[in-house]
Amino acid sequence: MPETSLKIVIYPHPALQYASKPVVRINAKLKRIVARMFELMYEAKGIGLAANQVNLPLRLFVMNSAGKPGEGVERVFINPVLSQPSGMEEAEEGCLSLPELLADVRRPAKITMSAFDTEGNEIHERLSGLEARIVQHETDHLDGVLFIDRLSASGKIEVQEPLRDFMDEYMRHIREGTVASDEEIRARLAEWEQEYC
Ligand code: CO
């Protein structure tokens, strides 16, 4: 399957609940996939995009906190591991797999990121502010966790209705045959795992 056919999946697509397995192979095709993920992220006006969100079970995500090509810094984190959370901060988040839904999420203000880049170099950094928030949101994706899973009790009630709308829309796509069945999606994810994990 060519990387050009990748697209962002929308909640409640099952790939969003998939816990990704570590990547053990980085090849030219994986680099093309990463390049395509940046394109899709920019097209959708995002600042981060995890592999689950393009229906790939790979433990990696891309990020550019400036959100525009040619601005900011493009970063790729492969097999990210977060540690040493400190402080707590509440800020509004959105997600390209939950278009137009925004809600306040409490997260540690600072976090240490360990990962690899696409050249296999080790990354070890202390992050704060927007970047700390992005890497936590995206690493959550790789564990099958969405920002709506981290809302306060009142926040969860507030998003009930929009989430129902996303569900209805997804069910409509299933009825119309414009999305694959859960079995087909899981079979495809397993194939990718065999190739890269
Ligand atoms: Co997201």
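This text goes with the structure placed above it.
About the criteria used
- Residues numbered from 1 in each chain as written.
- Predicted model: local features only at pLDDT ≥ 70, side-chain atom pairs only at ≥ 80, totals over all residues.
- Heavy atoms only, no water.
- Helix = DSSP H or I, 4+ residues; strand = E, 2+ residues; numbered from the N terminus.
- Pairing = 2+ DSSP bridges.
- Axes fitted to C-alpha atoms, helices over the stretch in contact; angles between N-to-C directions.
- Contact = heavy atoms within 4.5 Å.
- Donors = N, O, S within 2.8 Å, 3.2 Å for Na, K, Ca; no water.
- Buried < 20%, exposed > 50% of the residue type's maximum accessible area, 1.4 Å probe, protein only.
- Salt bridge = Lys/Arg side-chain N within 4 Å of Asp/Glu carboxyl O.
- Phe/Tyr/Trp six-rings, centres within 6.5 Å; stacked < 30°, edge-to-face > 60°.

Undergrad: Outline unusual backbone geometry, listing residues and values.
TA: Of note, the amide linkage connecting Y11 to P12 takes the cis form, showing an omega dihedral of 5 degrees. With respect to the helices, strands and loops of the structure, P12 is situated in the segment before α1 (28-43). If you check the backbone angles, N55 has positive phi at about 65 degrees while not being a glycine. Tracing the backbone through its elements, the reader meets N55 in the loop between β1 (48-50) and β2 (60-63).

Undergrad: Give me the sheet that holds strand β7 (residues 122-128): which residues, what numbers.
TA: The strand order β1-β2-β3-β6-β7 describes an open sheet built from five strands, whose pairing is antiparallel. The open sheet has two edge strands, β1 and β7, and neither has a second partner. Sheet twist, expressed as the average angle between the axes of neighbouring strands with direction ignored, equals 40 degrees. Where strand β3 (residues 75-86) lies against strand β6 (residues 110-116), five bridges are found, and the strand directions are antiparallel. Looking across to β6, one finds that V81 is bridged to S114. Sheet contacts for α1: β1, β2 and β3; angle to β2, the most-contacted strand, approximately 45 degrees. Packed on one face of the sheet, helix α2 (residues 129-142) meets β1, β2, β3, β6 and β7 and runs near 150 degrees to β2.

Undergrad: Please set out the coordination of the cobalt ion residue by residue, giving values where relevant.
TA: Here the cobalt ion is held by C95 (SG), H137 (NE2) and H141 (NE2), and the distances to it run 2.0 to 2.3 Å. Every donor residue of the cobalt ion comes from the same chain, spaced as C-x41-H-x3-H. One end of the pair, H137, and the other, H141, are both in helix α2, four residues apart, so they sit about a helical turn from each other. Residues H137 and H141 agree in their burial class; the two are buried.

Undergrad: For the pairing of β2, give the residues involved together with the corresponding values.
TA: Taking every second residue as pointing to the same face, both faces of β2 are buried, with L60 and V62 on one and F61 and M63 on the other. Strand direction decides the pairing type here: β1 and β2, joined by three bridges, are antiparallel. Bridging across to β2, G48 finds its partner in M63. With four bridges joining them, β2 and β3 adopt antiparallel strand pairing. Each residue of the ladder has a partner; that of M63, found in β3, is R75.

Undergrad: Hey, could you go over the pattern of salt bridges for me, with residue numbers and the actual values?
TA: By the definition in use, this model includes 13 salt bridges. In this structure, K31 engages E119 in a salt bridge whose closest nitrogen and oxygen atoms are separated by 3.6 Å. You can see K31 sitting in helix α1 and its partner E119 sitting in the loop between β6 and β7, a full 88 residues away along the chain. According to the relative accessible area criterion, E119 is exposed, its value standing at 56%. As a salt-bridge pair, R59 and D143 come within 3.0 Å of each other at their nearest N and O atoms. Within this pair, whereas R59 is found in the loop between β1 and β2, its partner D143 is found in the loop between α2 and α3 (153-176), the two being separated by 84 residues in sequence. Assessed through its relative accessible area of 39%, D143 is described here as partly exposed.

Undergrad: Tell me about the packing of aromatic side chains, and please be specific about residues and values.
TA: Under the criterion given, the structure shown has four aromatic pairs. Both rings, one in Y11 and one in F166, keep their centres 6.2 Å apart while their planes meet at 80 degrees; by these two values the pair is edge-to-face. Note that Y11 is positioned in the segment before α1 and F166 in helix α3, a separation of 155 residues in sequence. One exposure class covers both Y11 and F166, and it is buried. Seen from their ring centres, F38 and Y42 are 6.2 Å apart, and the 25 degrees between their planes marks the pair as stacked. Here F38 pairs with Y42, and both are found in helix α1, just four residues apart, close to one helical turn. Overall, the relative accessible area of 6% leaves F38 in the buried class. Given a relative accessible area of 12%, Y42 falls into the buried group.

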